[in-house]
Amino acid sequence: MLYQRSSALFAEAQNYIPGGVNSPVRAFKSVGGTPLFIKKAKGAYITDEDNRDYVDFINSWGPMILGHTHPEVLAATVEQMNNGFSFGTPTELETEIAKLITAVVPNIDMIRMVNSGTEACMSAIRLARGFTQRDKIIKFEGCYHGHSDAFLIKAGSGAATFGNPNSPGVTQGTAKDTLLARYNDIESVKKIFEENEDEIAAIIIEPIAGNMGCIVPEEGFLASLRTLCNQKGTLLIFDEVMTGFRLSLGGAQQRLGIEADIVTFGKVIGGGFPVGAFAARKEIMEHLAPLGPVYQAGTLSGNPIAMRAGYTTLNILNKDQNLYDRIDKTTEILDKEITNILSEKGIAHQTNRFGSMMSVFFTDEKVINFDDAQKANHSTFNKFFHHMLKNGIYLAPSGYETWFISDAIKTEEIDKTLTAARSFEA
(Lines give C-alpha, C1' and ligand atoms only; values in the text may rest on other atoms or scores of the structure.)
Protein backbone atom coordinates (compact mmCIF):
# COMPACT_ATOMS: atom_id res chain seq x y z
CA MET A 1 0.00 0.00 0.00
CA LEU A 2 1.49 3.33 -1.09
CA TYR A 3 0.04 5.43 1.72
CA GLN A 4 -0.01 2.97 4.62
CA ARG A 5 1.31 5.31 7.31
CA SER A 6 -0.78 8.25 6.05
CA SER A 7 -3.91 6.08 6.10
CA ALA A 8 -3.28 5.06 9.70
CA LEU A 9 -2.63 8.64 10.76
CA PHE A 10 -5.75 9.87 8.99
CA ALA A 11 -7.89 7.23 10.71
CA GLU A 12 -6.52 8.32 14.08
CA ALA A 13 -6.89 12.04 13.32
CA GLN A 14 -10.60 11.63 12.56
CA ASN A 15 -11.18 10.67 16.18
CA TYR A 16 -9.91 14.02 17.45
CA ILE A 17 -10.12 16.55 14.60
CA PRO A 18 -13.32 17.20 12.58
CA GLY A 19 -12.87 15.30 9.34
CA GLY A 20 -9.31 14.50 10.38
CA VAL A 21 -7.99 17.82 9.05
CA ASN A 22 -7.67 21.45 10.12
CA SER A 23 -8.62 22.87 6.71
CA PRO A 24 -11.30 21.09 4.64
CA VAL A 25 -9.56 20.81 1.25
CA ARG A 26 -6.82 18.71 2.86
CA ALA A 27 -9.30 15.87 3.42
CA PHE A 28 -9.20 14.87 -0.29
CA LYS A 29 -13.04 14.83 -0.37
CA SER A 30 -13.00 16.37 -3.84
CA VAL A 31 -10.58 13.84 -5.36
CA GLY A 32 -11.28 10.84 -3.11
CA GLY A 33 -8.76 8.67 -1.34
CA THR A 34 -6.59 9.23 1.69
CA PRO A 35 -4.82 12.54 2.29
CA LEU A 36 -1.06 12.42 2.59
CA PHE A 37 0.52 13.27 5.92
CA ILE A 38 3.73 15.18 5.25
CA LYS A 39 6.65 15.07 7.68
CA LYS A 40 9.30 17.21 6.00
CA ALA A 41 10.14 19.29 2.96
CA LYS A 42 13.22 20.63 1.22
CA GLY A 43 13.66 22.55 -2.01
CA ALA A 44 11.16 21.34 -4.61
CA TYR A 45 10.10 18.25 -2.64
CA ILE A 46 7.84 17.19 0.21
CA THR A 47 8.18 13.80 1.95
CA ASP A 48 5.23 11.87 3.35
CA GLU A 49 5.09 9.63 6.41
CA ASP A 50 5.69 6.60 4.17
CA ASN A 51 9.01 8.19 3.09
CA ARG A 52 7.88 8.89 -0.47
CA ASP A 53 9.09 12.11 -2.10
CA TYR A 54 6.91 14.32 -4.29
CA VAL A 55 7.60 17.30 -6.53
CA ASP A 56 5.48 19.94 -4.79
CA PHE A 57 3.19 22.14 -6.86
CA ILE A 58 1.20 23.41 -3.87
CA ASN A 59 4.10 24.98 -1.97
CA SER A 60 1.94 25.54 1.12
CA TRP A 61 -0.69 27.13 -1.19
CA GLY A 62 1.75 29.68 -2.51
CA PRO A 63 4.18 31.12 0.05
CA MET A 64 7.16 28.84 -0.63
CA ILE A 65 8.14 30.78 -3.74
CA LEU A 66 11.84 30.06 -3.03
CA GLY A 67 11.18 26.40 -2.32
CA HIS A 68 11.00 24.71 1.07
CA THR A 69 13.45 25.45 3.90
CA HIS A 70 15.46 27.91 1.84
CA PRO A 71 18.82 28.05 3.67
CA GLU A 72 18.97 31.83 4.02
CA VAL A 73 15.40 32.07 5.32
CA LEU A 74 15.95 29.11 7.63
CA ALA A 75 19.13 30.61 9.11
CA ALA A 76 17.48 33.99 9.72
CA THR A 77 14.45 32.38 11.33
CA VAL A 78 16.54 30.21 13.67
CA GLU A 79 18.56 33.27 14.69
CA GLN A 80 15.34 35.13 15.52
CA MET A 81 13.94 32.17 17.47
CA ASN A 82 17.00 32.31 19.68
CA ASN A 83 15.98 35.88 20.58
CA GLY A 84 12.40 34.98 21.50
CA PHE A 85 9.20 33.70 19.96
CA SER A 86 6.61 36.40 20.66
CA PHE A 87 6.63 39.65 22.60
CA GLY A 88 3.26 41.34 22.09
CA THR A 89 5.18 44.61 21.73
CA PRO A 90 6.43 46.66 18.76
CA THR A 91 9.67 45.51 17.13
CA GLU A 92 12.05 47.14 14.67
CA LEU A 93 11.43 44.22 12.31
CA GLU A 94 7.83 45.32 11.80
CA THR A 95 8.94 48.74 10.62
CA GLU A 96 11.65 47.32 8.36
CA ILE A 97 9.29 44.96 6.52
CA ALA A 98 6.66 47.72 6.29
CA LYS A 99 9.25 50.06 4.73
CA LEU A 100 10.26 47.42 2.22
CA ILE A 101 6.69 46.57 1.20
CA THR A 102 5.53 50.17 0.86
CA ALA A 103 8.63 50.95 -1.21
CA VAL A 104 7.99 48.28 -3.86
CA VAL A 105 4.18 47.97 -4.00
CA PRO A 106 2.35 50.69 -5.97
CA ASN A 107 -0.19 53.05 -4.43
CA ILE A 108 0.26 52.18 -0.74
CA ASP A 109 1.70 54.34 2.04
CA MET A 110 0.99 52.31 5.15
CA ILE A 111 0.45 48.67 6.04
CA ARG A 112 -1.00 46.77 9.00
CA MET A 113 0.22 43.25 9.76
CA VAL A 114 -2.23 40.52 10.79
CA ASN A 115 -2.04 36.73 11.04
CA SER A 116 -3.79 35.32 7.98
CA GLY A 117 -5.30 36.17 4.63
CA THR A 118 -8.77 35.73 6.13
CA GLU A 119 -8.00 38.31 8.80
CA ALA A 120 -6.51 40.68 6.22
CA CYS A 121 -9.58 40.59 3.96
CA MET A 122 -12.00 40.85 6.89
CA SER A 123 -10.14 43.91 8.18
CA ALA A 124 -9.92 45.50 4.72
CA ILE A 125 -13.71 45.31 4.36
CA ARG A 126 -14.22 46.84 7.79
CA LEU A 127 -11.82 49.64 6.92
CA ALA A 128 -13.55 50.28 3.59
CA ARG A 129 -16.93 50.50 5.29
CA GLY A 130 -15.56 52.82 7.96
CA PHE A 131 -13.89 55.06 5.37
CA THR A 132 -16.88 55.31 3.02
CA GLN A 133 -19.65 55.15 5.65
CA ARG A 134 -21.41 52.55 3.48
CA ASP A 135 -22.40 48.96 4.25
CA LYS A 136 -22.53 46.85 1.09
CA ILE A 137 -19.71 45.12 -0.75
CA ILE A 138 -19.45 43.41 -4.12
CA LYS A 139 -17.59 40.14 -4.44
CA PHE A 140 -17.35 37.74 -7.35
CA GLU A 141 -18.74 34.22 -7.60
CA GLY A 142 -15.89 31.77 -7.12
CA CYS A 143 -13.47 34.21 -5.52
CA TYR A 144 -12.46 33.22 -2.01
CA HIS A 145 -11.33 35.83 0.50
CA GLY A 146 -11.12 33.68 3.59
CA HIS A 147 -13.81 32.27 5.82
CA SER A 148 -15.20 35.34 7.56
CA ASP A 149 -18.99 35.54 7.31
CA ALA A 150 -19.21 38.33 4.73
CA PHE A 151 -17.29 36.27 2.18
CA LEU A 152 -18.95 32.87 2.47
CA ILE A 153 -21.59 33.76 -0.07
CA LYS A 154 -21.11 31.40 -3.03
CA ALA A 155 -17.40 31.25 -2.36
CA GLY A 156 -14.85 29.31 -4.36
CA SER A 157 -11.84 27.22 -3.35
CA GLY A 158 -12.23 25.33 -0.08
CA ALA A 159 -15.95 26.05 0.09
CA ALA A 160 -16.63 24.86 -3.46
CA THR A 161 -14.30 21.90 -3.05
CA PHE A 162 -16.16 20.89 0.09
CA GLY A 163 -19.47 21.02 -1.76
CA ASN A 164 -21.02 23.64 0.54
CA PRO A 165 -20.53 27.06 -1.05
CA ASN A 166 -23.14 28.81 1.15
CA SER A 167 -22.05 27.93 4.66
CA PRO A 168 -24.57 27.39 7.47
CA GLY A 169 -23.85 29.77 10.31
CA VAL A 170 -23.76 32.85 8.06
CA THR A 171 -26.78 34.97 8.96
CA GLN A 172 -29.20 36.50 6.46
CA GLY A 173 -28.36 39.88 7.96
CA THR A 174 -24.74 39.44 6.99
CA ALA A 175 -25.49 37.93 3.60
CA LYS A 176 -27.70 40.84 2.49
CA ASP A 177 -24.71 43.19 2.50
CA THR A 178 -22.63 40.98 0.18
CA LEU A 179 -23.64 41.42 -3.46
CA LEU A 180 -22.52 38.84 -6.02
CA ALA A 181 -21.20 39.58 -9.49
CA ARG A 182 -19.75 37.31 -12.18
CA TYR A 183 -16.01 37.34 -12.73
CA ASN A 184 -15.11 38.85 -16.13
CA ASP A 185 -18.65 40.23 -16.54
CA ILE A 186 -18.61 44.00 -16.13
CA GLU A 187 -22.32 44.28 -16.96
CA SER A 188 -23.19 42.24 -13.87
CA VAL A 189 -21.28 44.78 -11.78
CA LYS A 190 -22.97 47.76 -13.43
CA LYS A 191 -26.38 46.23 -12.75
CA ILE A 192 -25.55 45.91 -9.04
CA PHE A 193 -24.58 49.58 -8.90
CA GLU A 194 -27.84 50.54 -10.60
CA GLU A 195 -29.82 48.66 -7.95
CA ASN A 196 -27.72 49.84 -4.97
CA GLU A 197 -26.82 53.43 -5.77
CA ASP A 198 -24.53 55.09 -3.17
CA GLU A 199 -24.62 52.02 -0.89
CA ILE A 200 -21.51 50.13 -2.00
CA ALA A 201 -18.42 50.58 0.13
CA ALA A 202 -16.06 48.36 -1.83
CA ILE A 203 -15.52 45.86 -4.59
CA ILE A 204 -13.19 43.04 -3.54
CA ILE A 205 -11.62 40.80 -6.15
CA GLU A 206 -8.75 38.43 -6.75
CA PRO A 207 -7.03 40.28 -9.63
CA ILE A 208 -5.87 36.89 -10.87
CA ALA A 209 -8.37 34.41 -9.49
CA GLY A 210 -6.74 31.46 -7.77
CA ASN A 211 -9.60 29.91 -5.84
CA MET A 212 -11.71 28.54 -8.68
CA GLY A 213 -8.58 27.42 -10.42
CA CYS A 214 -6.36 30.00 -12.08
CA ILE A 215 -8.61 32.38 -13.99
CA VAL A 216 -7.22 35.47 -15.71
CA PRO A 217 -9.16 38.74 -16.07
CA GLU A 218 -10.15 39.50 -19.63
CA GLU A 219 -8.83 42.62 -21.37
CA GLY A 220 -10.34 45.76 -19.87
CA PHE A 221 -12.25 44.05 -17.04
CA LEU A 222 -10.17 45.33 -14.12
CA ALA A 223 -9.76 48.76 -15.74
CA SER A 224 -13.55 49.00 -16.00
CA LEU A 225 -13.87 48.12 -12.31
CA ARG A 226 -11.40 50.89 -11.50
CA THR A 227 -13.41 53.39 -13.55
CA LEU A 228 -16.70 52.36 -11.91
CA CYS A 229 -15.21 52.72 -8.44
CA ASN A 230 -13.89 56.18 -9.28
CA GLN A 231 -17.32 57.22 -10.54
CA LYS A 232 -19.25 55.83 -7.58
CA GLY A 233 -16.96 56.72 -4.67
CA THR A 234 -16.41 53.00 -4.02
CA LEU A 235 -13.08 51.52 -2.94
CA LEU A 236 -11.44 48.83 -5.07
CA ILE A 237 -9.82 46.10 -2.98
CA PHE A 238 -7.33 43.71 -4.57
CA ASP A 239 -7.04 40.47 -2.65
CA GLU A 240 -3.38 39.73 -3.35
CA VAL A 241 -3.02 37.05 -0.71
CA MET A 242 -1.95 34.70 -3.51
CA THR A 243 -0.61 37.13 -6.12
CA GLY A 244 1.27 39.57 -3.89
CA PHE A 245 5.04 39.15 -4.34
CA ARG A 246 4.36 36.06 -6.45
CA LEU A 247 3.56 37.70 -9.78
CA SER A 248 6.11 40.48 -9.27
CA LEU A 249 7.52 42.57 -6.45
CA GLY A 250 4.60 44.94 -6.87
CA GLY A 251 2.12 42.09 -7.26
CA ALA A 252 -0.82 42.14 -9.63
CA GLN A 253 -1.16 45.91 -9.36
CA GLN A 254 2.27 46.33 -10.91
CA ARG A 255 1.95 43.44 -13.35
CA LEU A 256 -1.45 44.53 -14.67
CA GLY A 257 -1.03 48.29 -14.35
CA ILE A 258 -4.20 48.76 -12.28
CA GLU A 259 -4.12 50.54 -8.93
CA ALA A 260 -6.31 49.36 -6.07
CA ASP A 261 -7.37 51.45 -3.08
CA ILE A 262 -6.73 48.71 -0.53
CA VAL A 263 -4.53 45.64 -1.04
CA THR A 264 -4.50 42.50 1.10
CA PHE A 265 -1.48 40.24 1.42
CA GLY A 266 -0.52 36.90 2.94
CA LYS A 267 1.45 33.83 1.92
CA VAL A 268 4.81 35.06 0.60
CA ILE A 269 5.29 37.91 3.09
CA GLY A 270 5.49 35.37 5.91
CA GLY A 271 8.09 33.23 4.19
CA GLY A 272 5.98 30.20 5.14
CA PHE A 273 4.83 31.43 8.56
CA PRO A 274 1.26 32.58 9.32
CA VAL A 275 1.04 36.20 8.15
CA GLY A 276 -1.46 38.50 6.50
CA ALA A 277 -1.52 42.24 5.92
CA PHE A 278 -3.62 44.99 4.42
CA ALA A 279 -2.35 48.25 3.01
CA ALA A 280 -3.60 51.47 1.43
CA ARG A 281 -2.95 55.16 0.97
CA LYS A 282 -2.35 57.19 4.12
CA GLU A 283 -5.76 58.91 4.01
CA ILE A 284 -7.47 55.50 4.20
CA MET A 285 -5.16 53.82 6.70
CA GLU A 286 -5.42 56.74 9.12
CA HIS A 287 -9.02 55.69 9.76
CA LEU A 288 -7.59 52.64 11.53
CA ALA A 289 -7.14 52.49 15.32
CA PRO A 290 -5.25 53.89 17.17
CA LEU A 291 -5.35 56.87 14.76
CA GLY A 292 -8.99 56.51 13.77
CA PRO A 293 -12.26 54.88 14.80
CA VAL A 294 -12.02 51.61 12.80
CA TYR A 295 -10.90 48.96 15.26
CA GLN A 296 -8.56 46.08 14.49
CA ALA A 297 -6.13 44.27 16.79
CA GLY A 298 -4.20 41.04 17.28
CA THR A 299 -1.82 39.75 19.95
CA LEU A 300 0.32 37.87 17.43
CA SER A 301 0.19 40.49 14.66
CA GLY A 302 3.75 41.28 13.60
CA ASN A 303 5.10 38.16 15.29
CA PRO A 304 8.92 38.51 15.19
CA ILE A 305 9.59 35.02 13.77
CA ALA A 306 7.12 35.54 10.93
CA MET A 307 8.47 39.05 10.31
CA ARG A 308 12.05 37.81 10.13
CA ALA A 309 11.17 34.98 7.74
CA GLY A 310 9.10 37.30 5.59
CA TYR A 311 11.65 40.12 5.54
CA THR A 312 14.39 37.70 4.51
CA THR A 313 12.22 36.22 1.76
CA LEU A 314 11.25 39.62 0.39
CA ASN A 315 14.86 40.79 0.40
CA ILE A 316 15.88 37.75 -1.64
CA LEU A 317 13.10 38.51 -4.12
CA ASN A 318 14.11 42.16 -4.21
CA LYS A 319 17.76 41.40 -4.93
CA ASP A 320 17.31 38.56 -7.43
CA GLN A 321 16.15 40.42 -10.51
CA ASN A 322 15.89 37.25 -12.59
CA LEU A 323 13.80 35.16 -10.23
CA TYR A 324 10.40 36.14 -11.62
CA ASP A 325 11.56 35.50 -15.15
CA ARG A 326 12.79 32.04 -14.11
CA ILE A 327 9.62 30.89 -12.40
CA ASP A 328 7.44 32.37 -15.13
CA LYS A 329 9.48 30.46 -17.71
CA THR A 330 9.20 27.23 -15.72
CA THR A 331 5.43 27.67 -15.57
CA GLU A 332 5.26 28.45 -19.29
CA ILE A 333 7.16 25.25 -20.12
CA LEU A 334 4.87 23.16 -17.93
CA ASP A 335 1.81 24.79 -19.47
CA LYS A 336 2.90 24.25 -23.07
CA GLU A 337 4.23 20.72 -22.63
CA ILE A 338 1.24 19.45 -20.63
CA THR A 339 -1.03 21.03 -23.24
CA ASN A 340 0.86 19.16 -25.97
CA ILE A 341 0.72 15.87 -24.08
CA LEU A 342 -3.01 16.04 -23.37
CA SER A 343 -3.76 17.23 -26.90
CA GLU A 344 -1.86 14.30 -28.41
CA LYS A 345 -3.95 11.98 -26.25
CA GLY A 346 -7.16 13.63 -27.44
CA ILE A 347 -8.11 14.66 -23.89
CA ALA A 348 -10.30 17.77 -23.76
CA HIS A 349 -8.62 20.39 -21.60
CA GLN A 350 -7.77 24.03 -21.07
CA THR A 351 -4.69 25.32 -19.27
CA ASN A 352 -4.93 28.75 -17.67
CA ARG A 353 -1.71 30.47 -16.66
CA PHE A 354 -0.51 33.81 -15.36
CA GLY A 355 3.03 34.25 -14.08
CA SER A 356 3.87 31.33 -11.79
CA MET A 357 0.25 30.27 -11.29
CA MET A 358 -1.55 27.76 -13.52
CA SER A 359 -4.42 25.28 -13.65
CA VAL A 360 -5.53 22.43 -15.89
CA PHE A 361 -9.27 22.22 -16.54
CA PHE A 362 -10.65 19.17 -18.35
CA THR A 363 -13.07 20.87 -20.72
CA ASP A 364 -13.36 22.01 -24.36
CA GLU A 365 -14.56 25.46 -23.36
CA LYS A 366 -12.63 28.52 -22.17
CA VAL A 367 -12.72 28.96 -18.41
CA ILE A 368 -13.24 32.61 -17.51
CA ASN A 369 -15.54 32.42 -14.47
CA PHE A 370 -16.85 30.15 -11.73
CA ASP A 371 -19.66 28.69 -13.86
CA ASP A 372 -17.10 27.60 -16.45
CA ALA A 373 -14.90 26.04 -13.76
CA GLN A 374 -17.87 24.08 -12.42
CA LYS A 375 -18.67 22.70 -15.89
CA ALA A 376 -15.20 21.16 -16.29
CA ASN A 377 -14.90 17.38 -15.97
CA HIS A 378 -13.82 17.02 -12.36
CA SER A 379 -13.96 13.22 -12.58
CA THR A 380 -11.14 13.35 -15.13
CA PHE A 381 -9.25 15.78 -12.93
CA ASN A 382 -9.54 13.37 -10.00
CA LYS A 383 -8.05 10.57 -12.12
CA PHE A 384 -5.28 12.90 -13.25
CA PHE A 385 -4.56 13.96 -9.67
CA HIS A 386 -4.19 10.39 -8.37
CA HIS A 387 -2.15 9.32 -11.39
CA MET A 388 0.29 12.17 -10.82
CA LEU A 389 0.38 11.49 -7.08
CA LYS A 390 1.31 7.84 -7.62
CA ASN A 391 4.10 9.03 -9.88
CA GLY A 392 5.56 11.41 -7.30
CA ILE A 393 3.88 14.68 -8.33
CA TYR A 394 1.84 16.50 -5.68
CA LEU A 395 -0.87 18.73 -7.16
CA ALA A 396 -3.59 20.59 -5.31
CA PRO A 397 -6.29 18.02 -4.42
CA SER A 398 -9.12 19.83 -6.20
CA GLY A 399 -10.01 20.99 -9.70
CA TYR A 400 -10.83 24.36 -8.15
CA GLU A 401 -7.28 25.08 -7.06
CA THR A 402 -4.15 26.59 -8.58
CA TRP A 403 -0.66 25.18 -9.05
CA PHE A 404 2.03 27.36 -7.47
CA ILE A 405 5.49 27.08 -9.00
CA SER A 406 8.60 27.66 -6.89
CA ASP A 407 12.09 28.67 -7.91
CA ALA A 408 13.31 25.29 -6.62
CA ILE A 409 11.55 23.50 -9.49
CA LYS A 410 14.22 23.00 -12.15
CA THR A 411 14.74 20.87 -15.25
CA GLU A 412 14.81 17.59 -13.30
CA GLU A 413 11.44 18.30 -11.67
CA ILE A 414 9.92 19.49 -14.95
CA ASP A 415 11.04 16.25 -16.63
CA LYS A 416 9.57 14.13 -13.80
CA THR A 417 6.27 15.97 -14.10
CA LEU A 418 6.05 15.59 -17.88
CA THR A 419 7.06 11.92 -17.72
CA ALA A 420 4.20 11.31 -15.29
CA ALA A 421 1.74 13.22 -17.48
CA ARG A 422 2.72 11.19 -20.58
CA SER A 423 1.54 7.95 -18.97
CA PHE A 424 -1.87 9.35 -17.97
CA GLU A 425 -4.94 7.74 -19.51
CA ALA A 426 -8.28 9.46 -18.94
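Structure shown above.
Residues numbered from 1 in each chain as written. Predicted model: local features only at pLDDT ≥ 70, side-chain atom pairs only at ≥ 80, totals over all residues. Heavy atoms only, no water.

For the protein chain, the helix and strand inventory stands at 15 helices and 14 strands. Computed over C-alpha atoms, the radius of gyration of the protein chain comes to 21 Å, within 12% of the 22 Å expected from 2.2 N^0.38 for 426 residues, which places it in the range of a compact globule. Considered along the principal axes of its C-alpha atoms, the protein chain spans approximately 60 × 55 × 45 Å. The buried share among the 426 residues of the protein chain stands at 58%. For the protein chain, the accessible area works out to roughly 17500 Å², and carbon and sulfur atoms hold 49% of it. (Helix = DSSP H or I, 4+ residues; strand = E, 2+ residues; numbered from the N terminus. Rg over C-alpha atoms; globule rule 2.2 N^0.38 Å. Buried < 20%, exposed > 50% of the residue type's maximum accessible area, 1.4 Å probe, protein only. Areas by Shrake-Rupley, 256 points an atom, 1.4 Å probe, with all protein chains shown as cover.)

In terms of nonpolar packing, the biggest core is built from 62 residues, with Ile101, Phe140, Val189, Leu225, Phe245, Phe265 and Leu317 touching the most fellow members. Residues within four places of Phe140 in sequence aside, it is in contact with Ala181, Arg182, Tyr183, Val189, Ile203, Ile204, Ile205, Phe221 and Leu225. (Core = buried A, V, L, I, M, F, W, Y, C linked by side-chain atoms within 4.5 Å. Contact = heavy atoms within 4.5 Å.)

Taken as a whole, this structure holds 11 aromatic pairs when the rule is applied. Look at Phe362 and Phe384: their rings are 5.5 Å apart centre to centre, the planes differ by 65 degrees, and that puts the pair in the edge-to-face class. Of this pair, Phe362 sits in the loop between strand S12 (357-361) and helix H13 (370-375) while Phe384 sits in helix H14 (residues 378-390), and the two are 22 residues apart along the sequence. Accessibility expressed as a relative area gives 4% for Phe362, which makes it buried. Relative to Phe424, the ring of Phe384 has its centre 5.1 Å away and its plane inclined at 80 degrees; by these criteria the two rings are edge-to-face. With a gap of 40 residues between them, Phe384 in helix H14 and Phe424 in the segment after helix H15 (411-422) connect regions that are remote in the sequence. Owing to a relative accessible area of 1%, Phe424 belongs among the buried residues under this scheme. One aromatic cluster is present, formed by Phe140, Tyr183 and Phe221 through successive ring pairs. (Phe/Tyr/Trp six-rings, centres within 6.5 Å; stacked < 30°, edge-to-face > 60°.)

Another aspect to go through is H15. Over its 12 residues, H15 runs 16 Å from end to end, which matches the ideal 16 Å to within 8%, given 1.5 Å per residue. Among the residues of H15, Glu413, Ile414, Thr417, Leu418, Ala420 and Ala421 are the ones counted as buried. The buried residues of H15 occupy an angular sector of 155 degrees when the element is viewed end-on, so they sit on one face. Turning to H15, the residues buried within the fold contact strand S2 (45-48), strand S3 (53-56), helix H12 (323-344), H14 and strand S13 (393-394). (Expected span 1.5 Å × (residues − 1). Arc of directions from axis to C-beta.)

Let's shift gears to the sheet that holds strand S14 (residues 403-404). Taken in spatial order, the 3 strands of this open sheet run S11-S12-S14, and their pairing is antiparallel. The open sheet is flanked by strand S11 (350-354) and S14, the only strands paired with a single partner. Lying on the sheet, H12 is in contact with S11, S12 and S14; it crosses S12 at an angle near 10 degrees. (Pairing = 2+ DSSP bridges. Axes fitted to C-alpha atoms, helices over the stretch in contact; angles between N-to-C directions.)

Attention shifts here to H14. Quick reminder: α-helices carry 3.6 residues per turn. Residues three or four places apart thus point the same way. Helix length check: H14 (13 residues) gives 18 Å between terminal C-alpha atoms against 18 Å at 1.5 Å per residue, within 8%. Along H14, the residues classified as buried are His378, Thr380, Phe381, Asn382, Phe384, Phe385, His387, Met388 and Leu389. Its buried side turned inward, H14 meets S3, S12, H13, S13, S14 and H15. Between a side-chain oxygen at the N-terminus of H14 and the backbone nitrogen of Ser379 the separation is 3.1 Å; the capping residue is Asn377. Downstream of H14 by one or two residues, Gly392 has phi in the positive range, about 80 degrees. (Polar contact = N/O pair within 3.5 Å; in protein donor to acceptor, adjacent residues only side chain to side chain.)

Overall, mixed pairing links the 4 strands, which are arranged S1-S2-S3-S13 in an open sheet. A strand with exactly one partner marks an edge of an open sheet, and here the two such strands are strand S1 (38-42) and S13. Two elements, S1 and S2, share 4 bridges in a ladder whose sense is antiparallel. Bridge assignment links Ile38 to a residue of S2, and that residue is Asp48.

Examined against the element boundaries, Asp261 turns out to sit in the loop between helix H9 (251-256) and strand S9 (262-265). On the basis of relative accessibility, which here comes to 5%, the residue Asp261 falls in the buried class. Here Arg226 takes part through its side chain, which lies 2.9 Å from a polar atom of the side chain of Asp261. Among the polar contacts listed, one links the side chain of Asp261 to the side chain of Arg281, at a separation of 2.9 Å. Not counting residues up to four positions away in its chain, the partners in contact with Asp261 are Arg226, Thr234, Leu235, Leu236, Ala279, Ala280, Arg281 and Ile284.

Bringing the packing of helix H2 (residues 71-81) against helix H11 (residues 304-319) into the picture now. Each pair of packed helices gets described by two things: the angle between the helix axes and the distance between those axes. Relative to each other, H2 and H11 sit at 155 degrees, their axes nearing to 9 Å. The orientation of H2 with respect to H11, classified from their angle, is roughly antiparallel. In this structure, H2 meets H11 at a crossing whose hand is right-handed. Taken together, the residues of H11 that come into contact with H2 (itself represented by Glu72, Val73, Ala76, Thr77, Glu79, Gln80 and Met81) are Pro304, Ile305, Arg308, Ala309, Thr312, Thr313 and Ile316. Residue composition of the contact of H2 with H11, by class: 7 nonpolar, 4 polar and 3 charged. (Parallel < 35°, antiparallel > 145°, perpendicular 65-115°, else oblique. Left-handed = near helix turned anticlockwise from the far one by under 90°. Nonpolar A, V, L, I, M, F, W, Y, C, P; charged D, E, K, R; others polar.)

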